[in-house]
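Each chain, letter by letter, is given below.
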Amino acid sequence: MSALTDDTLPVTPRAMRDEMIVFALMAVLLGLVPLTGIYPFFVMQALCFALLACAFNLLIGYGGLLSFGHAMFLGTAGYCTAHALKVWGVTPEVGILVGVAGAAALSVVTGFISIRRQGIYFSMITLALSQLLFFIYLQAPFTHGEDGIQGIPQGYLFGIFNLAKPTVLYYVVLAGFLAGFLLIYRTINSPFGEVLKSIRENEQRAISLGYKTDQYKLLAFILSGTLAGFAGSLKVFVAQNASLTDVHWTMSGEIVLMTLVGGLGTIFGPVVGAFVIIAMQQYLAGFGQWVTVIQGVIFVACVLTFRRGVVGEIAHFFRRSL
Amino acid sequence: MQALYAQLLVGLINGSFYALLSLGLAVIFGMLNIINFAHGALYMMGAFCAYFLLNLAGIGYWWALIIAPIVVGIFGMILERTMLQWLAGLDHLYGLLLTFGIALIVQGVFQNYFGSSGLPYAIPDYPQIGDWRGLQGGINLGFMFLPIYRGWVVIFSLVVCLATWFLIEKTQLGAYLRAATENPTLVRAFGINVPRMITLTYGLGVGLAALAGVLSAPINQVRPLMGADLIIVVFAVVVIGGMGSIMGSIITGFALGVIEGLTKYFYPEASNTVVFVLMVLVLLVKPTGLTGRAA
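For chain B, an unreviewed UniProt entry supplies the name ABC transporter permease and the organism Bradyrhizobium jicamae. Of chain B, the UniProt comment under Subcellular location (unreviewed entry) reads exactly: "Cell membrane". On record in UniProt, under Sequence similarities (unreviewed entry), the comment for chain B is "Belongs to the binding-protein-dependent transport system permease family. LivHM subfamily."

Where an unreviewed UniProt entry is consulted, chain A appears under the name ABC transporter permease, with the organism given as Bradyrhizobium jicamae. Quoted verbatim from the Subcellular location (unreviewed entry) heading of the UniProt record, the comment on chain A is "Cell membrane".

J.: Can you tell me about the overall build of chain B, naming the residues and giving the values?
T.: Within chain B, the secondary structure is distributed over eleven helices and four strands. Taking 295 residues into account, the globule formula puts the C-alpha radius of gyration at 19 Å, and chain B, at 19 Å, falls close to it. Viewed in the frame of its principal axes, chain B has a C-alpha envelope of about 60 × 50 × 40 Å. Out of the 295 residues in chain B, the part that is buried amounts to 51%. Across chain B, the fraction of contacts at a sequence separation of at least 24, relative to all contacts at a separation of at least 6, is 75%.

J.: For the overall build of chain A, give the residues involved together with the corresponding values.
T.: Summing up its helical and strand segments, chain A has 13 helices and two strands in all. Computed over the C-alpha atoms, the radius of gyration of chain A is 19 Å, within 12% of the 20 Å expected from 2.2 N^0.38 for a compact globule of 322 residues. Principal axes of the C-alpha set define a box for chain A whose edges measure 50 × 45 × 40 Å.

J.: Describe the UniProt feature "transmembrane region" (unreviewed entry) in chain A, with residues and values.
T.: Residues and elements named next belong to chain A. Mapped onto this numbering, the UniProt entry annotates "transmembrane region" (unreviewed entry) at residues 20–42, 49–74, 94–113, 120–138, 168–188, 218–237, 257–280 and 287–306. From the first C-alpha to the last, residues 120–138 spans 27 Å; its make-up is 100% helix and 0% strand. For the annotated span residues 218–237, helix accounts for 100% and strand for 0% of the residues, and the straight-line distance between the end C-alpha atoms is 29 Å.

J.: Just give me the short version of the packing of helix α5 (residues 119–139) of chain A against helix α4 (residues 92–114) of chain B, but keep the residues and values in it.
T.: Remark: α5(A) packs on α4(B), axes separated minimally by 8 Å, with the N-to-C direction vectors making an angle of 40°. By the angle class used here, α5(A) and α4(B) are oblique. For the crossing formed where α5(A) meets α4(B), the hand is right-handed. Residues A:Gly119, A:Ile120 and A:Ser123 of α5(A) form the contact with α4(B), whose own contacting residues are B:His92, B:Leu93 and B:Leu96.

J.: So, the interface of chain A and chain B: which residues are in play, and what are the values?
T.: On the chain B side, the residues contacting the 39 residues of chain A number 38 residues. Ranked by residues supplied to the side of chain A that touches chain B, first place goes to α5(A) with 14 residues. Looking at the side of chain A that touches chain B, its residues break down into 25 nonpolar, twelve polar and two charged.

J.: So what's going on with the UniProt feature "transmembrane region" (unreviewed entry) in chain B? Residues and values would help.
T.: The sites that UniProt annotates as "transmembrane region" (unreviewed entry) are residues 6–27, 34–54, 60–79, 91–110, 149–168, 198–219, 231–259 and 266–285 of chain B. Secondary structure within residues 231–259 of chain B divides into 86% helix and 0% strand; the distance between the first and last C-alpha atoms comes to 18 Å.

J.: Pulling in residues and values, what's your account of the packing of helix α10 (residues 249–262) of chain A against helix α12 (residues 290–305) of chain A?
T.: Residues and elements named next belong to chain A. The contact between α10 and α12 brings their axes to 10 Å, and the two run at 45°. With respect to each other, α10 and α12 are oriented oblique. When you trace α10 past α12, the crossing you get is left-handed. Taken together, the residues of α12 that come into contact with α10 (itself represented by Leu257, Leu260 and Val261) are Gln295, Ile298, Phe299 and Cys302. Classifying every residue of the contact of α10 with α12 gives six nonpolar, one polar and no charged.

J.: Which residues make up helix α5 (residues 148–170) of chain B, and what values go with them?
T.: Residue and element names in this part refer to chain B. Helix length check: α5, at 23 residues, gives a terminal C-alpha distance of 32 Å against a target of 33 Å (1.5 Å per residue), a fit within 8%. When we look at burial in α5, the residues that qualify are Arg150, Val153, Ser157, Val160, Cys161, Thr164 and Ile168. In this structure, the buried side of α5 is in contact with α1 (2–32), β4 (145–147), α6 (172–182), α8 (194–220) and α10 (246–266).

J.: Which residues make up the confidence of the model for chain A, and what values do they have?
T.: For chain A, the average pLDDT comes to 88, and 96% of its residues sit at 70 or higher. Mean pLDDT per element in chain A: strand β1 (residues 156–157) of chain A is the minimum at 80, and helix α4 (residues 92–114) of chain A is the maximum at 94.

J.: Outline the nonpolar core, listing residues and values.
T.: Within the largest apolar cluster, 198 residues are counted, with the highest numbers of intra-cluster contacts made by A:Ala50, A:Leu51, A:Leu52, A:Ala128, A:Val173, B:Ala210 and B:Ala236. If one sorts the elements of this core by residue count, helix α2 (residues 40–63) of chain A sits on top with 17 residues. Once residues within four sequence positions are removed from consideration, A:Val173 is found in contact with A:Met44, A:Leu47, A:Cys48, A:Leu234 and A:Val238.

J.: Residue-level account of the environment of A:Ala242, with values.
T.: Residue and element names in this part refer to chain A. Mapped onto the fold, Ala242 is located in the loop between α9 (213–239) and α10. In sequence terms Ala242 and Met44 are 198 residues apart; their C-alpha atoms lie 16 Å from each other. With near-sequence residues (within four places) excluded, Ala242 lies in contact with Gly78, Tyr79, Ala82, Gly148, Ile149 and Val236.

J.: Provide a residue-level description of the environment of A:Pro191, including the pertinent values.
T.: By secondary structure assignment, the location of A:Pro191 is in helix α7 (residues 191–201). In this structure the C-alpha to C-alpha distance between A:Pro191 and A:Ser243, which are 52 residues apart in sequence, comes to 38 Å.

J.: Could you give me a rundown of α7(A), with the residues and numbers involved?
T.: Residue and element names in this part refer to chain A. The set of residues buried in α7 consists of Gly193, Val195, Leu196, Ile199 and Arg200. Seen from one end, α7 has its buried residues packed into an arc of 160°, which puts them on one side. Turning to α7, the residues buried within the fold contact α2, α6 (166–188), α8 (203–208) and α9.

J.: Can you explain unusual backbone geometry? Please cite residues and give values.
T.: Residue and element names in this part refer to chain B. Although it is not a glycine, Asn33 adopts a positive phi angle of roughly 60°. Of note in this structure, Gln221 is not a glycine but carries a positive phi near 65°. You can see Gln221 is positioned in the loop between α8 and α9 (228–241).

J.: So what's going on with the environment of B:Phe37? Residues and values would help.
T.: Residues and elements named next belong to chain B. Checked against the element boundaries, Phe37 lands in the loop between α1 and α2 (39–57). C-beta crowding within 10 Å serves as the criterion here: with 27 such atoms nearby, Phe37 is assigned to the buried category. The spatial distance from the C-alpha of Phe37 to the C-alpha of Leu98 is 8.3 Å, given a sequence separation of 61 residues. Sequence-distant contacts of Phe37, defined by excluding residues within four places in its chain, comprise Leu96, Thr99, Phe100, Ala103 and Ile231.

Scoring rules and cut-offs
- Residues numbered from 1 in each chain as written.
- Chains lettered and ligands numbered in written order.
- Predicted model: local features only at pLDDT ≥ 70, side-chain atom pairs only at ≥ 80, totals over all residues.
- UniProt positions renumbered as here; feature names shortened; annotations may be inferred.
- Helix = DSSP H or I, 4+ residues; strand = E, 2+ residues; numbered from the N terminus.
- Rg over C-alpha atoms; globule rule 2.2 N^0.38 Å.
- Buried ≥ 20, exposed ≤ 12 C-beta atoms within 10 Å, placed from the backbone.
- Contact = placed C-beta atoms within 7 Å.
- Axes fitted to C-alpha atoms, helices over the stretch in contact; angles between N-to-C directions.
- Parallel < 35°, antiparallel > 145°, perpendicular 65-115°, else oblique.
- Left-handed = near helix turned anticlockwise from the far one by under 90°.
- Nonpolar A, V, L, I, M, F, W, Y, C, P; charged D, E, K, R; others polar.
- Expected span 1.5 Å × (residues − 1).
- pLDDT = per-residue confidence, 0-100.
- Core = buried A, V, L, I, M, F, W, Y, C linked by C-beta atoms within 7 Å.
- Arc of directions from axis to C-beta.

So, in structure tokens, the structure goes:
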């Protein structure tokens with residue numbers, strides 16, 4: 001069986017340098033967005049999904065675990081943050097902490113259950129768990145069912161930054177995204193990340209070398225779920241609502257699609273994929289259900305002809321790792 | 001007690017759909033190493049096929065029961081020939097992603113033309129023999145009133161499941177199939193056309209899903225998303241039962257349907273979630289599933 005990402009190159013100083021250049025370029029370009037007149041809400045939304053897709057990619061691209069239920073972290077953190085902000089009236093930083101803690105707690109529980117099976121079963125279990133959570137949120141009173149939690153106050157972050165101002169909010173979201181991205185980058189290039197890759201390549205061998213692979217997988221799952229939750233908390237400030245859409249399986253599918261389009265197991269792929277898919281949804285919003293059809297076509301086309309994704313193809317062409 | 005029996009019957013009916021669908025998933029997984037995410041969409045196509053046959057061509061339920069699985073089965077075989085076969089040798093996960101894409105396409109197209117509301121499909125009222133009007137009406141069993149159509153769905157599904165089990169476990173063709181599941185290269189060396197068997201297997205699994213769709217059309221109405229949520233429950237059923245044994249899939253499917261029905265009676269709030277909760281419990285106690293081999 002060929003691995004999901006067959007040409008990850010070893011980390012060399014040159015690769016590290018390439019990646020840092022691309023990262024700096026990305027940070028500068030994103031930092032300039034408010035000056036260009038591009039609709040900031042579109043970019044903020046895309047940044048939240050980019051972080052979400054990066055968190056998802058940590059699991060599939062480096063751990064070989066395809067989670068089909070990552071929307072549950074997005075939605076759970078969203079509900080926790082929204083509830084804390086609106087009902088408890090806490091400050092934004094506490095709201096984010098509550099959301100991230102909620103997602104972290106959920107990822108400990110769901111991770112413990114789902115890593116008990118591998119491969120295809122893992123995907124089905126995560127999907128089933130997220131559906132279980134969807135039905136719980138549908139009936140739980142604090143989520144307000146079909147209506148969701150609306151009109152969430154944005155408040156002042158650390159008492160200084162007024163999040164109701166789009167430009168301020170934009171830089172806060174951008175800072176959150178970059179911090180999350182760097183954390184993932186650090187994880188991938190740490191000894192922990194190397195063990196994770198070895199588990200993806202050959203779990204039996206990793207076990208025989210003495211690694212407790214279940215613990216590594218669980219930790220990766222928790223990290224991925226927590227970061228996905230962080231993205232969900234940030235998204236609450238952008239969208240100012242938390243609804244069932246964020247927990248639905250279609251959302252999990254979109255996360256998978258973003259990462260697949262950008263390139264599974266590439267560092268920058270999920271970011272590119274998230275921008276592509278969010279832009280597509282924005283421009284094709286008037287076409288109703290055809291958006292679903294187009295997403296399906298992209299899935300099929302990617303799997304059949306374009307398995308490396310946009311960034312993966314570029315990296316392969318230049319023989320670099322990106 | 002009436003309500004309890006009624007919920008048990010509903011549970012048995014859902015159980016028959018779980019059994020038919022998880023059976024198809026297991027057979028397909030055995031041969032193609034693919035979890036067919038499009039299974040729910042193909043189940044929906046079966047129901048729509050019956051609807052079109054009735055409303056466009058005037059062809060009724062009994063013929064639809066034969067024609068729809070064949071038509072959808074052929075559609076499935078075309079999918080297998082044009083797309084799925086290229087995934088041989090790749091990671092299992094690509095099969096899941098590809099079939100997920102196919103499901104989105106099929107469901108999206110149907111939603112475009114038919115929205116999200118249900119289209120009615122009447123219970124057949126022929127053949128008429130004496131007082132019997134096809135499968136309409138019901139029988140008073142003394143302890144409960146049994147709608148004939150619902151009884152028919154349970155019995156017919158059970159027969160189809162057992163026939164599939166017989167085909168795979170007891171016939172020559174089934175022996176080839178099981179052999180090819182174990183070792184396709186060796187079976188090919190014996191002169192058996194394994195790629196064609198793979199295509200036919202996919203057609204068979206898809207046909208079973210379409211058949212379940214036709215059976216459910218008069219009960220659940222015909223909706224573009226009728227299979228979307230069902231397939232996730234069926235995934236949980238598959239995780240609980242494991243995909244190692246055909247009989248295991250059948251028994252798990254029916255058993256979970258019954259448990260779901262009982263939950264609807266005793267604690268209705270949990271009826272949507274009980275299968276998933278059971279999946280969690282099974283994973284904690286016996287991670288390989290009830291009948292499955294380690295995967």
